[in-house]
Every structure is written in structure tokens, then in C-alpha cells.
Amino acid sequence: MNIQNLLLGEIDQWDLLNYYNVTLLYEELPNSVNGFVFNYDGINFIVINKFLSYYKRKKTLLHELAHIELNQLCQKDKDLFAFHISKYEDEADNYIKFLLE
Ligand SMILES: [Zn+2]
């Protein structure tokens, strides 16, 4: 099960969130932050800016799921993804773009 199955409509977002052990939270974040993802005690937390439009929320969720799917959360510094590193940002975005094409 992966993001491609979701994009193809073979599963819904809750199937995938469950599969990746994701707790999804909508919070009041600064304008400049769409969302972020981190792992704590084996649970993946995706936090999305609650002020985003429906479309942007979905796009951000896909982006954060890409970080999980690309195994970008196994870093020593657990705070890493509170402030995204541009290399991983590009990888996550390119991955979604690739799947959509
Ligand atoms: Zn990111």
C-alpha cells in the first residue's frame, strides 16, 4: 500500500494513514508553514495548518506522506522535520509530481 494506490483511488486517505501509523492533526500554524511531519515513539504525526483551503490541505497531506514513504524520518535529530530541509522538500514534491504524471 502506498501513495500511488491513494492517487489511483484504490484506497482512501484513512487506509493509508492507518497503514503508516499516522496521527493527523489540524493546528493553527503560522502562514508560512503548510504542515510538517515527525515520528515520536513509533507514531508518525502529520500536522497541517488548519487555515489552509481544502485543496491545499490535501496537497500538504500528500507531501507529508511522501516524507514518510521516502523514509525521510529516520534521522538522528528528531526535530529535523519541524523545520524542513530543502533537499527533502524537493524530493517529497518531486515524488508526488512523478506519481501524478
Ligand atoms: Zn516537507
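Residues numbered from 1 in each chain as written. Predicted model: local features only at pLDDT ≥ 70, side-chain atom pairs only at ≥ 80, totals over all residues. Heavy atoms only, no water.

Q: I tried to follow the nonpolar core on my own but got confused; where do I start?
A: Residues I3, L16, V22, I46, L61, L65 and I68 are the most contacted members of the largest nonpolar core, which totals 22 residues. Looking at this core, the elements with two or more residues in it are helix 1 (3-7), helix 2 (13-19), strand 1 (22-27), strand 3 (43-49), helix 3 (54-69) and helix 4 (86-100). With five residues, the top contributor of residues to this core is helix 3. Beyond its immediate chain neighbours, meaning those up to four positions away, V22 contacts L17, N44, I46, L65 and I68. (Core = buried A, V, L, I, M, F, W, Y, C linked by side-chain atoms within 4.5 Å. Buried < 20%, exposed > 50% of the residue type's maximum accessible area, 1.4 Å probe, protein only. Helix = DSSP H or I, 4+ residues; strand = E, 2+ residues; numbered from the N terminus. Contact = heavy atoms within 4.5 Å.)

Q: Just to check I follow, could you spell out unusual backbone geometry for this structure?
A: Backbone phi values are negative for most residues with the exception of glycine, while trans is the configuration of most peptide bonds. The phi dihedral of N21 falls on the positive side, at around 55 degrees, and the residue is not glycine. Within the secondary structure, N21 is located in the loop between helix 2 and strand 1.

Q: Is there a simple way to think about the environment of E27 in this case?
A: Within the fold, E27 resides in strand 1. Considering only alpha carbons, one finds E27 and V47, 20 residues apart in sequence, at a separation of 6.6 Å.

Q: It is not clear to me how the environment of N49 should be interpreted in this structure. Could you clarify?
A: If you trace the backbone, N49 turns up in strand 3. Look at N49 and you get buried, because its relative accessible area is 2%. Residues N49 and V33, spaced 16 residues apart in sequence, show a C-alpha to C-alpha distance of 6.9 Å. Among all residues touching N49, those that are not within four sequence positions of it are E27, L29, P30, N31, V33, N34 and R57.

Note that every value here comes from positions in space, so none of it alone points to a role or purpose.
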